[in-house]
Amino acid sequence: WRQPIASLLERGGVQITREEIVRDEPTNNVPDTIFTKVGLQLHRRSQHPIGILKNAIYEYFDSSYGNKFKKFEDLCPIVSVKQNFDDVLVPDDHVSRSYNDTYYIDPQTVLRCHTSAHQAELLSSGYKQFLVTGDVYRRDSIDSTHYPVFHQMEGVRVFSPSDWESSGKDGTTYVAEDLKKCLEGLAQHLFGTVEMRWIDTYFPFTNPSFELEIFFQEKWLEVLGCGVTEQEIIRRSGNEENVAWAFGLGLERLAMVLFDIPDIRLFWSDDERFTSQFKEGQLGVKFKPFSKFPPCYKDMSFWINESFTENNLCEVIRGIAGDLVEEVCLIDNFTNKKGMTSHCYRIAYRSMERSLTDDEINDLQWKVREQVESKLKVVLR
Ligand code: FA5
Ligand code: MG
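Residues numbered from 1 in each chain as written. Chains lettered and ligands numbered in written order. Predicted model: local features only at pLDDT ≥ 70, side-chain atom pairs only at ≥ 80, totals over all residues.

Right, let's talk about the overall build of the protein chain for a bit. In terms of helices and strands, the protein chain carries twelve helices and 16 strands. Taking 2.2 N^0.38 as the reference for a compact globule, 381 residues should give roughly 21 Å; the C-alpha atoms of the protein chain span a radius of gyration of 22 Å, in line with that estimate. Here the C-alpha coordinates of the protein chain stretch approximately 70 × 45 × 45 Å along the principal axes. When the 381 residues of the protein chain are sorted by exposure, 35% land in the buried category. (Helix = DSSP H or I, 4+ residues; strand = E, 2+ residues; numbered from the N terminus. Rg over C-alpha atoms; globule rule 2.2 N^0.38 Å. Buried ≥ 20, exposed ≤ 12 C-beta atoms within 10 Å, placed from the backbone.)

What follows is the structure in structure tokens.
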């Protein structure tokens, strides 16, 4: 199932041609490494940790809300800028709209960067409780918990005045409390007990907004964002008097905690030593690493220019090394008297499946140096 696609992509109900995504036009920034992931729909594989987790979350919602949540898991990941940003009130100058953060197919069309892209339309269609699961795409840095393609589940629940009136609370307070109760219940359903905390945050489409973090491998890991839906979104959907909550879960992050999966790249592995460890419906199984091959570190320093960004660097490296790159980390940064800024990055190469030879890594690093220089127009030191 990981065969690169020649020209037509027809999997999991998504039918897209390569030309539709990787277009030869200046505004298109979708590389082949991303195109080959479109349509794979890990969330619809019942033996894959992402699919197992999705089903466990469905189970929680079905049993807590008597099957009232309508489920969508096959909405096309190619959406308009309007759906992805405008409809959820993302301001015109918000960083997430930039070509540095989002994959653009053309100036009006993107690979969705969150499942929130479907919120407004579903609300306008009259759905009051729904879950949207899907693959989402982001230009991002490289480490064990970030990947340019990952999966989210969006949940939305709309309340009408009769739901909160008798509580003596205002709609927003009531709905925010219900949201936290719902997600704490979900965490308990999935984990039993787990160390977690709420953080106040900002999203353009919710107010108030929160993030949930879970303690994992000695660090706090952000697993979801949520909040009370901005009233403007509700108003536009024609339910002025109602109040709603919404959340967006990062399924890989939750699955990492749940199954003890140490690196996000593993979700894309078709190595049987990974895939055979997971069974449909089995939630508690802890992943047993079948290898921990030593990483190999390579440093590179260069003078940056105005257009340099870390996301561009990471994409060049990913384009050459694919999933053999584990982490890209800025380890030194200084500006000289002439005002030139130098960055030194440490690249960690490591395969999840086998040991890499020195020759192989040197060859990768050589190509990385070449392309970083030619594509990013930086000056190697
Ligand atoms: C959002 O995407 C919001 N749309 C979530 C939301 C929905 C908020 C509805 C309010 C209401 P954020 O960018 O924080 O928020 O991403 C949500 C989750 O996706 C994160 O908590 C994290 O678990 C996961 N995530 C984000 N970036 C990556 C990445 N590069 N790799 C893997 N998981 C990621
Ligand atoms: Mg976040």
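Still more to cover.
As a further point, take the nonpolar core. Counting 66 residues, the largest nonpolar core has Leu-53, Cys-226 and Ala-255 as its most contacted members. Not counting chain neighbours up to four residues away, the residues in contact with Cys-226 comprise Leu-179, Leu-183, Thr-206, Phe-210, Trp-245, Ala-246 and Phe-247. (Core = buried A, V, L, I, M, F, W, Y, C linked by C-beta atoms within 7 Å. Contact = placed C-beta atoms within 7 Å.)

A sheet is described by the order of its strands in space; here four strands give the open sequence E14-E15-E13-E16, paired in antiparallel fashion. A single partner strand is all that each edge strand has here, and the edge strands are strand E14 (325-335) and strand E16 (379-380). The sheet contact formed by strand E13 (residues 296-303) and strand E15 (residues 341-349) spans eight bridges and is antiparallel. Looking at E15, one finds that Tyr-297 is bridged to Ala-348. Against the sheet, helix H12 (residues 358-376) engages E13, E15 and E16, with an angle of about 20° to E13. (Pairing = 2+ DSSP bridges. Axes fitted to C-alpha atoms, helices over the stretch in contact; angles between N-to-C directions.)

Near ligand 1 you find 24 residues, and of these His-114, Phe-150, Gly-225, Gly-248 and Gly-250 are the closest. Among the secondary structure elements, those contributing two or more residues to the shell around ligand 1 are strand E8 (149-159), strand E11 (219-229), strand E12 (243-250) and helix H9 (251-259). When residues of the shell around ligand 1 are assigned to their parent elements, the largest contribution, six residues, is made by E11. The residue inventory of the shell around ligand 1, partitioned by class, reads nine nonpolar, nine polar and six charged. (Near = placed C-beta within 6 Å. Nonpolar A, V, L, I, M, F, W, Y, C, P; charged D, E, K, R; others polar.)

Quick look at the environment of Phe-278 now. Take Phe-278: it is sitting in the loop between helix H10 (272-275) and E13. Residue Phe-278 is classed as buried on the basis of its C-beta count, with 21 C-beta atoms lying within 10 Å. Residues Phe-278 and Ser-46 lie 232 residues apart in sequence; the distance between their C-alpha atoms is 9.4 Å. The residues contacting Phe-278, other than those within four sequence positions of it, are Gln-47, His-48, Pro-49, Ile-52 and Val-285.

It is worth spelling out helix H7 (residues 171-191) at this point. Between the first and last C-alpha of H7 there are 30 Å, a value that for 21 residues agrees with the 30 Å anticipated at 1.5 Å per step. Within the sequence span of H7, burial applies to Gly-171, Val-175, Ala-176, Leu-179, Leu-183, Leu-186 and Ala-187. Each buried residue of H7 sits inside an arc of 135° when the element is viewed along its axis, so together they form one side. Taken from the residues just after H7, Gly-192 is the one with a positive phi, measuring 75°. (Expected span 1.5 Å × (residues − 1). Arc of directions from axis to C-beta.)

It is worth spelling out the pairing of strand E10 (residues 206-216) at this point. By the bridge criterion, seven bridges tie strand E9 (residues 196-203) to E10 in an arrangement that is antiparallel. Across the sheet, Met-196 pairs through a bridge with Ile-214, a residue of E10. The antiparallel pairing of E9 with E10 creates a hairpin that spans two residues between the two strands. The pairing of E10 with E11 spans nine bridges and is antiparallel. Each bridged residue has a counterpart across the sheet, and for Phe-216 the counterpart in E11 is Lys-219.

Turning our eyes to something else, we now look at the sheet that holds E12. With respect to topology, seven strands assemble into an open sheet ordered E3-E7-E8-E12-E11-E10-E9, the strand pairing being mixed. Each edge of the sheet is formed by a strand with only one pairing partner; in this case those strands are strand E3 (70-72) and E9. The sheet shows a mean angle of 20° between the axes of neighbouring strands, direction not considered. The sheet strands contacting H9 are E8, E10, E11 and E12, and the helix crosses E12 at an angle near 60°.

In the contact formed by helix H11 (residues 310-321) and H12, the axes pass within 9 Å of each other and the chain directions differ by 140°. With respect to H12, the axis of H11 lies oblique. The crossing of H11 and H12 is right-handed. Counting all contacts with H11, which are made through Asn-312, Leu-313, Val-316, Ile-317, Ile-320 and Ala-321, the residues of H12 involved are Leu-364, Lys-367, Val-368, Gln-371, Val-372, Lys-375 and Leu-376. In the contact of H11 with H12, the residues fall into nine nonpolar, two polar and two charged. (Parallel < 35°, antiparallel > 145°, perpendicular 65-115°, else oblique. Left-handed = near helix turned anticlockwise from the far one by under 90°.)

Domain annotation of the protein chain identifies domain 1 (8-268) and domain 2 (296-380). Computed from C-alpha coordinates alone, the two centres of domain 1 and domain 2 are separated by 31 Å. The residue makeup of the side of domain 1 that touches domain 2, split by class, is four nonpolar, four polar and six charged. (Domains from an automatic or database assignment.)

What follows covers H9. Buried residues dominate H9, accounting for eight of its nine residues. Restricting attention to buried positions, one finds in H9 the residues Leu-251, Glu-252, Arg-253, Leu-254, Ala-255, Met-256, Leu-258 and Phe-259. Lining the buried residues of H9 we find helix H3 (49-65), E8, H7, E10, E11 and E12. Downstream of H9 by a residue or two, Asp-260 has a phi angle that is positive, lying close to 60°.

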